[in-house]
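Fold and contact review
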Amino acid sequence: MSEQLAPEIEKQLRELTAWTGPAPGLWRTALRQAGAAGRRRRRRLPRVPGWAWTGLAAAGVLIAVGLSLDTWPRGRSAAKSADGDSWFRGPATTAVPEARREQARAVGPYAAAARGMMPASERYAGGYAANTGEVAGRPMFGQYAGGTPTAGDPVAGSEITTGPAGERYVVRKATVELGVADVRAVFAKIVHLVSEARGEYVQESSLTGSAEHLEGQLTLRIAVDRLADVLNELRQLGKVRAETAGGEDVTTQVVDIEARLRNERRVEVELLELLEKRQDAPLKEILELRRAIGQVRETIEQLTAQRERLSRLVALATVLVILRPADAPLPAAPGLLGHFAHALREAWLSGARYLADSIALLLSVLVGGLAWWVLLVVAVVVIRAARRRSRRAAARLPAS
Amino acid sequence: MAAEESDEQLLREFVGGRKAALGELARRYERSLLGLAAALLGGRHDLACDAVQETWLRVIRFGGQFQGRSSVRTWLYRIGINQCRTLLATRAVAGEESLAGRPAGGPGPDQAARAADDNHAVRRAVEGLDDDRRLVILLCYHAGMTHEQAAEILEIPVGTLKSRLHAALSALRAALGAEVRA
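**Re the overall build of chain B**
- From N to C terminus, chain B includes 9 helices and 0 strands.
- Counting helices and strands in the order they occur from the N terminus, chain B gives α-α-α-α-α-α-α-α-α.
- Accessible area for chain B stands at about 8,600 Å²; split by element, carbon and sulfur atoms hold 51% of it.

This is the structure we're talking about:
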């Protein structure tokens, strides 16, 4: 005896075999096919002369060129006006990130585990305690607790709260401004302070100005347990002109995320156990369970991503280093002669700019109106030839 | 108002030379045949059109040989299902992607993202069943089809159809469960 299905499953099964569009009238095609087969097995296409094909192809090319000439500028301007400043930035570019986001959500630890990319033990990492190791060379939560900030370090002295297991989670930042004799050499030394083996890196760096006014800036991401050492080494590289440090306590956020993650995982395990036990349950219940598991897994992935982002922020401190020449002389105030020279230079530059603009305008008129110039020349030549012919004709006419 | 002609009368009239009678038969059955064919052919509407067009061709060629042992409706469905089977077999021989029983390897990212979508889940689970079970489920839940009619089309007793349907639904349930546990 067949079982009763939930109405919604029945509906879905019926929809699978439902033809939503209109009937395409295939019986007519079949009738024609049968009739044609009865009269003749194969019907050849009428022979078309070669010149006709050539003419058709030429007409096709002309139409295509005409259409493209007609629509191209309008299409371009439409695209431009829709966007404001750039072409081809329409719905496609907004749709792609959404698709990517969806893909990124899908390729979470579960999808990775399903494809054998990640062991199941990692997928169900037991929460807090399991997160004390290093991931990709970077310490995760709990690593900071093992760090040894010095008492003299202004960063270490900041107020922080503690987590349930005694760990403190602080996103640390520091800025050091140094006066140095040789900016370029110190810049190179600072780059070598970064230990890539520990996951540290130079986030941003720049050298600006001429030789005597050279300035450097580096943003370093340093492992928190090395922050004090690195700051000490930086201080020894030159004269400290300014130094600031700070920390943002994210312990509450971390604790909250971990608690929610543990809870969601518990719910997921319970739902999976329920699914395992109720293998003979009606399809409707199985679908409801699937829906619930899907929602729980989505939440888990969101929480995991938040946790990893926070762990990266906590594990690596951000240090901004500004380098300036130690005894850079102040630029002298310009005298009367200097002022005159400056004004002269400005006037010369301004004149040169006007000249360049005029030449550019002339060139744009010459090049942009090329088609008109050609037409004009042709018209002049034709008119002159016509006048010459009329004069010769008048000379040949017998006198009346 | 004249009573509606039966399918058998229409077929006889068509064989007798009235082409509009075939049009009337098509009005009654073309859409349902297309729906079933599309479901059997993995949602490929182009292939479903091929199958149904071939079905009408066979009706045109062999309509005169119809002996009335079954209803015209049953006969049409049998021809349509056979055309679908032929198409599936042809494509399998040609080495094209299998239309049915698709799940091979792990789910792709987009499939995983849609895992919670019930409609997709049921469709995927049905497509993952073997040909016989899929046919039984699709036929039994095809619009307006009774178990007796489905059994007649498949040329099996009603009891056998019901036991096959039970097995097919169990397989469907297992497929849905397995997908979420994967």
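Text resumes after the structure shown.
**Regarding the overall build of chain A**
- A tally of helices and strands in chain A yields 12 helices and 7 strands.
- Classification of the 400 residues of chain A by burial places 28% in the buried group.
- Accessible area for chain A stands at about 26,700 Å²; split by element, carbon and sulfur atoms hold 59% of it.

**A short note on helix 7 (residues 183-193) of chain A**
Residue and element names in this part refer to chain A.
- For helix 7, the set of buried residues is Val 183, Val 186, Phe 187, Ile 190 and Leu 193. The buried residues of helix 7 occupy an angular sector of 110° when projected down its axis, which confines them to one face. More than 90 degrees from the buried face of helix 7, the exposed residues found are Arg 184 and His 192.
- If you follow the buried residues of helix 7, they end up packed against strand 3 (170-180), strand 4 (201-208), strand 5 (215-223), helix 8 (227-235) and strand 7 (316-325).
- Where helix 7 starts, the residue carrying a side-chain oxygen 3.2 Å from the main-chain nitrogen of Arg 184 turns out to be Asp 182.

**Here we look at the nonpolar core**
- Core analysis: the largest hydrophobic core is formed by 89 residues, its most contacted members being Leu 13 of chain A together with Leu 22, Trp 56, Val 59, Ile 137, Leu 139 and Leu 172 of chain B.
- Ranked by residues supplied to this core, first place goes to helix 2 (residues 19-40) of chain B with 12 residues.
- Look past the residues within four positions of Leu 172 of chain B in its chain and what remains in contact with it is Leu 283 of chain A together with Val 122, Ala 125, Val 126, Leu 129 and Ile 137 of chain B.
- Counting residues in each nonpolar core, the second largest holds 23 residues, with Leu 178, Val 180, Val 194 and Leu 214 of chain A among its members.

**Examining the pattern of salt bridges**
- Taken as a whole, this structure holds 20 salt bridges over all chains when the rule is applied.
- Residues Arg 235 of chain A and Glu 243 of chain A are paired through a salt bridge, measuring 2.7 Å at the closest nitrogen-oxygen approach.

**Remarks on unusual backbone geometry**
Residues and elements named next belong to chain B.
- Unusually for a residue other than glycine, Glu 155 sits at a positive phi of about 60°.
- Within the secondary structure, Glu 155 sits in the loop between helix 8 (147-154) and helix 9 (158-181).
- Residue Glu 155 is classed as exposed on the basis of its relative accessible area, which comes to 61%.

**A few points about a positive patch on the surface**
- On the surface, Arg 384, Arg 387, Arg 388, Arg 389, Arg 391 and Arg 392 of chain A cluster together into a positively charged patch.
- Summarising the element assignment, Arg 391 of chain A is placed in helix 12 (residues 370-396).

**Quick notes on the packing of helix 7 (residues 131-140) of chain B against helix 8 of chain B**
Residues and elements named next belong to chain B.
- Between helix 7 and helix 8, whose axes approach to 9 Å, the crossing angle comes to 140°. By the criterion of interaxial angle, the relationship of helix 7 to helix 8 is oblique. As helix 7 runs across helix 8, the sense of the crossing is right-handed. Between helix 7, through Leu 135, Val 136, Leu 139 and Cys 140, and helix 8, the contact on the second element is made entirely by His 147, Ala 150, Ile 153 and Leu 154.
- Of the residues that constitute the contact of helix 7 with helix 8, the class distribution is 7 nonpolar, 1 polar and no charged.

**Looking at the side chain of Thr 304 of chain A**
- Position of Thr 304 of chain A relative to the elements: it lies in helix 10 (residues 283-315).
- Residues within four places of Thr 304 of chain A in sequence aside, it is in contact with Leu 261 and Arg 265 of chain A.

**A closer look at the packing of helix 9 (residues 251-277) of chain A against helix 10 of chain A**
Residue and element names in this part refer to chain A.
- Relative orientation of the contacting elements helix 9 and helix 10 amounts to 155°, with a least axis distance of 9 Å. In terms of orientation, helix 9 lies roughly antiparallel with respect to helix 10. The two elements helix 9 and helix 10 meet at a crossing, and its hand is left-handed.
- A per-class count over the contact of helix 9 with helix 10 returns 16 nonpolar, 4 polar and 7 charged.

**Some words on helix 9 of chain A**
- Taking 1.5 Å per residue as the helical rise, helix 9 of chain A with its 27 residues ought to reach 39 Å, and the 39 Å between its terminal C-alpha atoms agrees with that figure.
- Considered for burial, the residues of helix 9 of chain A that qualify are Thr 251, Val 254, Ile 257, Glu 258, Leu 261, Glu 264, Arg 265, Glu 268, Leu 271, Leu 272 and Leu 275 of chain A.

**Focus on the packing of aromatic side chains**
Residue and element names in this part refer to chain B.
- Scanning the model with the defined rule gives 1 aromatic pair over all chains in all.
- Considering the side-chain rings of Phe 66 and Trp 75, the 5.0 Å spacing of their centres and the 50° angle between planes classify their relative orientation as tilted. For the pair Phe 66 and Trp 75, one class covers both residues: buried.

**Overview of the side chain of Arg 221 of chain A**
Residue and element names in this part refer to chain A.
- Tracing the backbone through its elements, the reader meets Arg 221 in strand 5.
- For the buried residue Arg 221, which engages in no salt bridge, the nearest side chain bearing the opposite charge is Glu 200, 9.9 Å off.
- Within polar-contact distance, the side chain of Arg 221 engages the backbone oxygen of Leu 316 at 2.9 Å.
- Residues in contact with Arg 221, not counting those within four places in the same chain, are Glu 200, Tyr 201, Gln 203, Arg 312, Leu 313, Leu 316, Ala 317 and Thr 318.

**Describing the environment of Gly 42 of chain B**
- Here Gly 42 of chain B is to be found in the loop between helix 2 and helix 3 (45-62).
- With 84 residues separating them in the primary sequence, Gly 42 of chain B and Val 126 of chain B have C-alpha atoms 9.5 Å apart.

**Regarding the sheet that holds strand 4 of chain A**
Residues and elements named next belong to chain A.
- In spatial order, the strands read 4-5-7-3-6; together these 5 strands make up an open sheet with mixed pairing. Each end of this open sheet is capped by a strand with a single partner; those strands are strand 4 and strand 6 (239-249). Adjacent strand axes in the sheet meet at a mean angle of 10°, parallel and antiparallel pairs treated alike.
- Bridge count between strand 5 and strand 7: 8 bridges; the pairing is antiparallel. When the bridges of strand 7 are listed, Gly 216 appears paired with Leu 323.
- Running at roughly 10° to strand 5, helix 7 makes contact with strand 3, strand 4, strand 5 and strand 7 of the sheet.

**Things to note about the environment of Arg 198 of chain A**
- With respect to the helices and strands, Arg 198 of chain A occurs in the loop between helix 7 and strand 4.
- The spacing of Arg 198 of chain A and Ile 222 of chain A is 24 residues in sequence and 8.7 Å in space, taken between C-alpha atoms.

**A closer look at the pairing of strand 5 of chain A**
Residue and element names in this part refer to chain A.
- When you tally the buried positions in strand 5, you get 7 out of 9 residues, the bulk of the element.
- When strand 4 meets strand 5, the two strands line up antiparallel, connected through 7 bridges. By the bridge assignment, Leu 207 is partnered in strand 5 with Gly 216.

What counts, and where the lines are drawn
Residues numbered from 1 in each chain as written. Chains lettered and ligands numbered in written order. Predicted model: local features only at pLDDT ≥ 70, side-chain atom pairs only at ≥ 80, totals over all residues. Heavy atoms only, no water. Helix = DSSP H or I, 4+ residues; strand = E, 2+ residues; numbered from the N terminus. Areas by Shrake-Rupley, 256 points an atom, 1.4 Å probe, with all protein chains shown as cover. Buried < 20%, exposed > 50% of the residue type's maximum accessible area, 1.4 Å probe, protein only. Arc of directions from axis to C-beta. Contact = heavy atoms within 4.5 Å. Polar contact = N/O pair within 3.5 Å; in protein donor to acceptor, adjacent residues only side chain to side chain. Core = buried A, V, L, I, M, F, W, Y, C linked by side-chain atoms within 4.5 Å. Salt bridge = Lys/Arg side-chain N within 4 Å of Asp/Glu carboxyl O. Patch = residues over 30% accessible without salt bridge, like charges linked within 9 Å, V, L, I, M, F, W, Y side chains within 5 Å. Lys, Arg positive; Asp, Glu negative; His and termini not counted. Charge placed at Lys NZ, Arg CZ, Asp CG, Glu CD. Axes fitted to C-alpha atoms, helices over the stretch in contact; angles between N-to-C directions. Parallel < 35°, antiparallel > 145°, perpendicular 65-115°, else oblique. Left-handed = near helix turned anticlockwise from the far one by under 90°. Nonpolar A, V, L, I, M, F, W, Y, C, P; charged D, E, K, R; others polar. Expected span 1.5 Å × (residues − 1). Phe/Tyr/Trp six-rings, centres within 6.5 Å; stacked < 30°, edge-to-face > 60°. Pairing = 2+ DSSP bridges.

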